[in-house]
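Chain by chain, the residues:
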Amino acid sequence: MNRRFAWPDERLIKAAQDGDVTSLTTVVLESQPHVRKFARSLCASPQDAEDAAQEALIVLYRKIGTLRATGALASWMFRIVRNECLRQIRLVVARGDEARAEESAEDAVLHRLEVERIAAAVGALPRDLRQVLVMRDIQGLPGKTVARALGLSTAAMKSRLHRARAALRRTLETDPAPEGECPP
């Protein structure tokens, strides 16, 4: 947990759920650093992360009354951010499919299946491996930036990245590509 920022306490969340606008504003403001951190670790780019964080905070503001247990705010927000990041990935894939309109329908379906297979394999990696892989290989951040963001030495970051790539490769090799498509 982030030592500088604490999640809002249950009394504040309850007051926000009961319609106290000041409490609701405080809950949103106190949740913001955590939501942004979730988004940065899950989304494909810094811009996508910022968009996902903003959408999640809007959902929090509008729908806090639907939160069943005040102690579940962190997990609720994580799910909202994760779903928003996945929605953005689907939009990118859909745009890519539109750009590939000249291809046959079969090629488009195979491409989509491959993208989904890779996304599932990345999502199945342990969190520490997934974070370094997403930040370095998907977001394209420099190694030193990734190491600093994760609190690792550059050597430790490189080692973790190597393990992540190897685990991803093993998963993709054991889960064959759809029929008719070459493995990555």
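This write-up is about the structure you can find in this document. (Residues numbered from 1 in each chain as written. Predicted model: local features only at pLDDT ≥ 70, side-chain atom pairs only at ≥ 80, totals over all residues. Heavy atoms only, no water.)

**Looking at the nonpolar core**
Okay, so step 1: In this structure, Val-27, Leu-60, Leu-73, Met-77 and Val-81 are the most contacted members of the largest nonpolar core, which totals 26 residues.
Okay, so step 2: With 7 residues, helix α2 (residues 21-42) is the single largest residue contributor to this core.
Okay, so step 3: If we skip the residues at most four places from it in the chain, Val-27 touches Pro-8, Leu-12, Ile-13, Ala-16, Leu-60, Ile-64 and Leu-73. (Core = buried A, V, L, I, M, F, W, Y, C linked by side-chain atoms within 4.5 Å. Buried < 20%, exposed > 50% of the residue type's maximum accessible area, 1.4 Å probe, protein only. Helix = DSSP H or I, 4+ residues; strand = E, 2+ residues; numbered from the N terminus. Contact = heavy atoms within 4.5 Å.)

**Things to note about helix α3 (residues 46-63)**
Okay, so step 1: Its 18 residues give α3 an end-to-end C-alpha distance of 25 Å, which sits within 8% of 26 Å, the value for a rise of 1.5 Å per residue.
Okay, so step 2: Taken together, the buried positions of α3 are occupied by Asp-48, Ala-49, Ala-52, Ala-53, Ala-56, Leu-57 and Leu-60. Considered in projection along α3, the buried side chains sweep an arc of 165 degrees and stay on one side of the axis. Across α3 from its buried face, at more than 90 degrees, point the exposed residues Gln-47 and Arg-62. (Expected span 1.5 Å × (residues − 1). Arc of directions from axis to C-beta.)

**Remarks on the packing of α2 against α3**
Okay, so step 1: Their axes nearest at 9 Å, the elements α2 and α3 cross at an angle of 150 degrees. Taken together, the axes of α2 and α3 are roughly antiparallel relative to one another. Taken as a pair, α2 and α3 cross one another with a handedness that is right-handed. For the pair formed by α2 and α3, the contact residues are Leu-24, Val-27, Val-28, Ser-31, Gln-32, Val-35, Arg-36, Ala-39 and Arg-40 on the first element and Ala-49, Glu-50, Ala-52, Ala-53, Gln-54, Ala-56, Leu-57, Leu-60 and Tyr-61 on the second. (Axes fitted to C-alpha atoms, helices over the stretch in contact; angles between N-to-C directions. Parallel < 35°, antiparallel > 145°, perpendicular 65-115°, else oblique. Left-handed = near helix turned anticlockwise from the far one by under 90°.)

**Some points on the packing of aromatic side chains**
Okay, so step 1: Considering all chains together, one arrives at 2 aromatic pairs under this definition.
Okay, so step 2: Ring geometry for Trp-7 versus Phe-38: centroids 6.1 Å apart, planes at 35 degrees, classification tilted. Highlighted residues: Trp-7 in the segment before α1 (10-17) and Phe-38 in helix α2, separated in sequence by 31 residues.
Okay, so step 3: By relative accessible area, Phe-38 is classed as buried at 17%.
Okay, so step 4: Relative to Phe-78, the ring of Phe-38 lies with its centre 5.0 Å away and its plane at 85 degrees, an arrangement referred to as edge-to-face. Residue Phe-38 is located in helix α2, and its partner Phe-78 is located in helix α4 (residues 73-99); the two are separated by 40 residues in the primary sequence.
Okay, so step 5: For Phe-78, a relative accessible area of 27% gives the class partly exposed. (Phe/Tyr/Trp six-rings, centres within 6.5 Å; stacked < 30°, edge-to-face > 60°.)

**Things to note about the pattern of salt bridges**
Okay, so step 1: All chains considered together, the criterion is met by 6 salt bridges.
Okay, so step 2: In this structure, Arg-87 and Glu-84 form a salt bridge, with 2.5 Å as the shortest nitrogen-oxygen distance. With Arg-87 and Glu-84 both in helix α4 and 3 residues apart, this pair spans about one turn of that helix.
Okay, so step 3: Judged by its relative accessible area of 10%, Glu-84 is buried.
Okay, so step 4: We note a salt bridge from Asp-128 to Arg-160, for which the minimum N-O separation is 4.0 Å. Taken as a pair, Asp-128 in helix α6 (residues 127-138) and Arg-160 in helix α8 (residues 154-174) lie far apart in primary sequence, 32 residues in all.
Okay, so step 5: Judged by its relative accessible area of 30%, Asp-128 falls in the partly exposed class. (Salt bridge = Lys/Arg side-chain N within 4 Å of Asp/Glu carboxyl O.)

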